[in-house]
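# Topology and contacts: notes
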Amino acid sequence: MSESTTERRFVAEDVETELKQFLEKSTKTSWASDTDLFADGGVSSMFAMELVVHIERTFDLAIEGPDLKIDNFRTVNDMTALVLRLTGSDAGE
């Protein structure tokens, strides 16, 4: 039997690093973890869908309903918190 994806745990630093690498590759710009990607004009609302798909595939999770709000994708910190919460990795933080 394969290992259940619901048992996968992530470390915040690893999630943050992966997200920053994706953003840098996609936008050709380095981003601080607390920079509002949309307010600073770094990414468009269309790019938000790319972020959703990338996060779902990379971390093997589904982002649905209220979790799809733009505030969960504004900063690397916001996206990291979303991944940790949806994977149950935020326990003890």
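Presented here is a report on the structure given in the accompanying data block. Everything quoted here is computed from the prediction, not taken from an experiment. (Residues numbered from 1 in each chain as written. Predicted model: local features only at pLDDT ≥ 70, side-chain atom pairs only at ≥ 80, totals over all residues. Heavy atoms only, no water.)

### Notes on the side chain of Ser33
Position of Ser33 relative to the elements: it lies in the loop between α1 (12-27) and α2 (45-59). Using a relative accessible area of 12% as the deciding quantity, one classes Ser33 as buried. Within the structure, the side chain of Ser33 is placed 3.0 Å from the side chain of Lys20, a separation counted as a polar contact. Excluding residues within four positions of it along the chain, Ser33 makes contact with Glu16, Lys20, Thr75, Val76 and Asn77. (Helix = DSSP H or I, 4+ residues; strand = E, 2+ residues; numbered from the N terminus. Buried < 20%, exposed > 50% of the residue type's maximum accessible area, 1.4 Å probe, protein only. Polar contact = N/O pair within 3.5 Å; in protein donor to acceptor, adjacent residues only side chain to side chain. Contact = heavy atoms within 4.5 Å.)

### A few points about the nonpolar core
What tends to happen in soluble globular proteins is that the nonpolar side chains get buried as a cluster. Formed by 24 residues in total, the largest nonpolar core has its most connected members in Leu23, Leu51, Ile55, Phe59, Phe73 and Met79. Residue assignment for this core shows that the elements contributing at least two residues are α1, α2 and α3 (76-86). Of all the elements, α2 adds the most residues to this core, at six residues. Leaving out residues up to four positions away in the same chain, Leu51 has contacts with Phe22, Leu23, Phe38, Phe73 and Met79. (Core = buried A, V, L, I, M, F, W, Y, C linked by side-chain atoms within 4.5 Å.)

### Regarding α3
By the burial criterion, the buried members of α3 are Val76, Met79, Thr80, Leu82, Val83 and Leu84. Just beyond α3, the residue with positive phi is Gly88, at close to 75 degrees.

### Section: the packing of aromatic side chains
Aromatic ring pairs: the centre-centre distance and the angle between the two ring planes describe each pair. Tallying each qualifying case throughout the model produces two aromatic pairs. Here the aromatic rings of Phe10 and Phe59 are separated by 5.1 Å at their centres, their planes lie at 90 degrees, and the arrangement is edge-to-face. Of the two residues, Phe10 is situated in the segment before α1 and Phe59 in helix α2; the sequence distance between them amounts to 49 residues. Of the two residues, Phe10 and Phe59, neither departs from the other in class, the shared state being buried. When the centroid spacing of 6.0 Å and the interplanar angle of 15 degrees are considered together, the rings of Phe22 and Phe47 count as stacked. Separated by 25 residues along the polypeptide, Phe22 in helix α1 and Phe47 in helix α2 bring together distant segments of the chain. The exposure class assigned to Phe22 is buried, which follows from its relative accessible area of 15%. Residue Phe47 is classed as buried on the basis of its relative accessible area, which comes to 8%. (Phe/Tyr/Trp six-rings, centres within 6.5 Å; stacked < 30°, edge-to-face > 60°.)

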